[in-house]
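Structure at a glance
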Amino acid sequence: MASRTIEKLQWRYATKTFDSSKILSEEKLNILKETFNLTATSYGLQPLKLVVISNSELKTKLMPLTYNQPQVRDASHVLILCVEKNINENFILEHFKRVEGQRNTPRKILEPFEKNLIASFTEKNSEEIKDWMVNQLYLTLGALLTVCAVEEIDACPMEGFEPKKYDKLIGLDKRGLESVIALPVGYRDESDFFKDLKKVRRGVDELIIEVN
Ligand SMILES: Cc1cc2nc3c(=O)[nH]c(=O)nc-3n(C[C@H](O)[C@H](O)[C@H](O)COP(=O)(O)O)c2cc1C
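Thresholds applied
- Here, residues in each chain are numbered from 1, in the same order as that chain's written sequence.
- Reporting in this predicted model follows two pLDDT cut-offs: at least 70 for local features of residues, and 80 or more for side-chain atom pairs to be given and counted; totals over whole chains, interfaces and linings ignore these cut-offs and use all residues.
- Calculation of side-chain values draws on the structure's entire complement of heavy atoms; hydrogens and water are dropped beforehand.
- UniProt positions are given in the numbering used here, feature names are shortened, and annotations may be inferred rather than shown by experiment.
- Only DSSP runs of H or I reaching four residues or more are called helices, and only runs of E reaching two or more are called strands; each is numbered from the N terminus.
- Here the term buried applies to any residue with accessible area under 20% of the maximum for its type, exposed to any over 50%, and partly exposed to those in between, with areas from a 1.4 Å probe on protein chains only.
- For two strands to count as paired, DSSP must find a minimum of two bridges between them.
- Throughout, an axis means a line fitted to C-alpha atoms (over the contacting stretch in the case of helices), and angles, computed between N-to-C directions, take values from 0 to 180 degrees.
- Working rule for angles: under 35 degrees goes down as roughly parallel, over 145 as roughly antiparallel, 65 to 115 as roughly perpendicular, anything else as oblique.
- Each helix crossing is assigned a hand: it is left-handed if the near helix lies turned anticlockwise from the far helix by less than a right angle, otherwise right-handed if that turn is clockwise.
- Only heavy atoms matter for contacts: two residues are in contact if any of them lie within 4.5 Å across the pair.
- All residues other than Ala, Val, Leu, Ile, Met, Phe, Trp, Tyr, Cys, Pro, Asp, Glu, Lys and Arg, Gly among them, are scored as polar; the first ten of these are nonpolar and the last four charged.
- Here a helix's expected span is defined as the number of its residues, less one, multiplied by 1.5 Å.
- Put simply, two rings from Phe, Tyr or Trp (the six-membered ring, in Trp's case) pair if the centres are within 6.5 Å, and we call them stacked under 30 degrees between planes, edge-to-face over 60, tilted for the rest.
- For the purposes of this section, nonpolar cores are sets of buried Ala, Val, Leu, Ile, Met, Phe, Trp, Tyr and Cys residues that join through side-chain atoms within 4.5 Å.

**Describing the UniProt feature "domain: Nitroreductase" (unreviewed entry) in the protein**
UniProt records the feature "domain: Nitroreductase" (unreviewed entry) at residues 10-187, using the numbering of this structure. As annotated, residues 10-187 comprises 52% helix and 15% strand, and the C-alpha atoms at either end are separated by 16 Å.

**Topic: the pairing of strand β2 (residues 77-84)**
β2 sits mainly inside the fold: eight of its eight residues count as buried. As judged from the six bridges shared by strand β1 (residues 48-53) and β2, these two strands associate in the antiparallel manner. Residue pairing in the sheet places Leu48 in a bridge with Val83 of β2. In this structure, β2 lies alongside strand β4 (residues 177-186), joined through eight bridges in antiparallel fashion. Bridging across to β4, Leu79 finds its partner in Leu183.

**Observations regarding the packing of helix α5 (residues 89-103) against helix α6 (residues 107-123)**
The contact between α5 and α6 brings their axes to 10 Å, and the two run at 155 degrees. In this view, α5 runs roughly antiparallel relative to α6, as classed from their interaxial angle. Considering the relative orientation of α5 and α6, their crossing is right-handed. Here Glu89, Ile92, Leu93, Phe96, Val99 and Glu100 of α5 come into contact with α6, specifically with Arg107, Leu110, Phe113, Glu114, Leu117, Ile118 and Phe121. Partitioning the contact of α5 with α6 into residue classes produces nine nonpolar, no polar and four charged.

**Some thoughts on α6**
Compared with an ideal rise of 1.5 Å per residue, which puts 17 residues at 24 Å, α6 spans 24 Å between its outermost C-alpha atoms and is within 8% of the ideal. If you follow the buried residues of α6, they end up packed against α5 and α7 (126-151).

**Remarks on the environment of Ala155**
Tracing the chain through its elements places Ala155 in strand β3 (residues 154-155). By relative accessible area, Ala155 is classed as buried at 3%. Here the alpha-carbon distance between Ala155 and Thr60, two residues 95 residues apart in the chain, equals 17 Å. Look past the residues within four positions of Ala155 in its chain and what remains in contact with it is Tyr13, Ala14, Thr15, Phe18, Leu145, Cys148, Leu183, Pro184 and Val185.

**Side note on the packing of aromatic side chains**
The final tally for this structure, using the stated rule, is four aromatic pairs. Between Phe161 and Tyr166 the ring centres are 4.3 Å apart and the planes differ by 40 degrees, which places this aromatic pair in the tilted class. For the pair Phe161 and Tyr166, a shared accessibility class is recorded, and that class is buried. On the basis of an interplanar angle of 85 degrees and a centroid distance of 5.6 Å, the ring pair of Phe193 and Phe194 is categorised as edge-to-face. Taking relative accessible area as the criterion, Phe193 reaches 61% and is therefore assigned exposed. Looking at Phe194, the relative accessible area reads 37%, which means it is partly exposed. Grouped by ring-pair contacts, the aromatic residues Tyr43, Phe121 and Trp132 constitute a single cluster.

**Side note on the environment of Ile153**
With respect to the secondary-structure elements, Ile153 resides in the loop between α7 and β3. Overall, the relative accessible area of 1% leaves Ile153 in the buried class. Along the backbone, Ile153 and Tyr187 are 34 residues apart, and their C-alpha atoms lie at a distance of 6.2 Å. Contact partners of Ile153, with chain neighbours within four places excluded, come to Trp11, Leu24, Lys28, Leu32, Cys148, Val185 and Gly186.

**As for the nonpolar core**
Taken as a class, soluble globular proteins show a tendency for nonpolar side chains to be buried jointly. Membership of the largest hydrophobic core comes to 34 residues, with the highest contact counts inside it found for Leu32, Leu81, Phe121, Leu183 and Val185. Broken down by secondary-structure element, the contributors of at least two residues to this core are α2 (26-38), β1, β2, α5, α6, α7 and β4. No other element matches α7, which puts nine residues into this core. The residues contacting Leu81, other than those within four sequence positions of it, are Phe36, Lys49, Leu50, Leu137, Thr140, Leu141, Leu144, Glu178, Ser179, Val180, Ile181 and Leu183. If you look at the next biggest cluster of nonpolar residues, it comprises 19 residues, including Leu65, Cys82, Leu177 and Ala182.

Put into structure tokens, the structure is as follows:
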């Protein structure tokens, strides 16, 4: 018999048609916000922001910038997963201030880590830093999709949109952010053709290698 966890993961699918009359509760939204905050990131730096869009007019304006995919218009909320544009020395210093403040770790212990991290980021070019940030962002996407499955929230992860146009419309560029993933969340419409389709997967036998 399938475990409860596997049943939930089977239940999840990339939703194509949302029921626009069904709205996520504050409680469910808060679970997704906490998930984004609690996801592990490299060094714990969290070079990310999650933008939560509920405004219907704005969601409708996103559709033509999403190759006319209707999920962004019809889902209860559209989450936009963004990376920071500038990770500078100050961003790293802020992180260590949080560690000091929230954990009471003495400055003396933190200083060598802080110095090393600043040095290692100084060596990276902006493309390397962007790739590193995007890797962290995809971790949060995985966590969000899994939590959506567990909480029976429908979602569709989307790369199929025009990030620069999103950034301009939503004003993300002015906030020093770049959008990477759109994640409409809400509830599936009963008419969604995809909701009962069998999952197409390479399969555990092909994907897993046991080394004994
Ligand atoms: C990073 C990423 C980007 C995706 N972009 C889109 C998209 O733009 N539009 C869409 O309908 N589905 C998109 N998908 C959904 C995938 O096609 C889907 O997850 C995959 O076919 C597996 O099906 P399932 O999630 O229903 O099990 C995306 C999925 C991922 C993980």
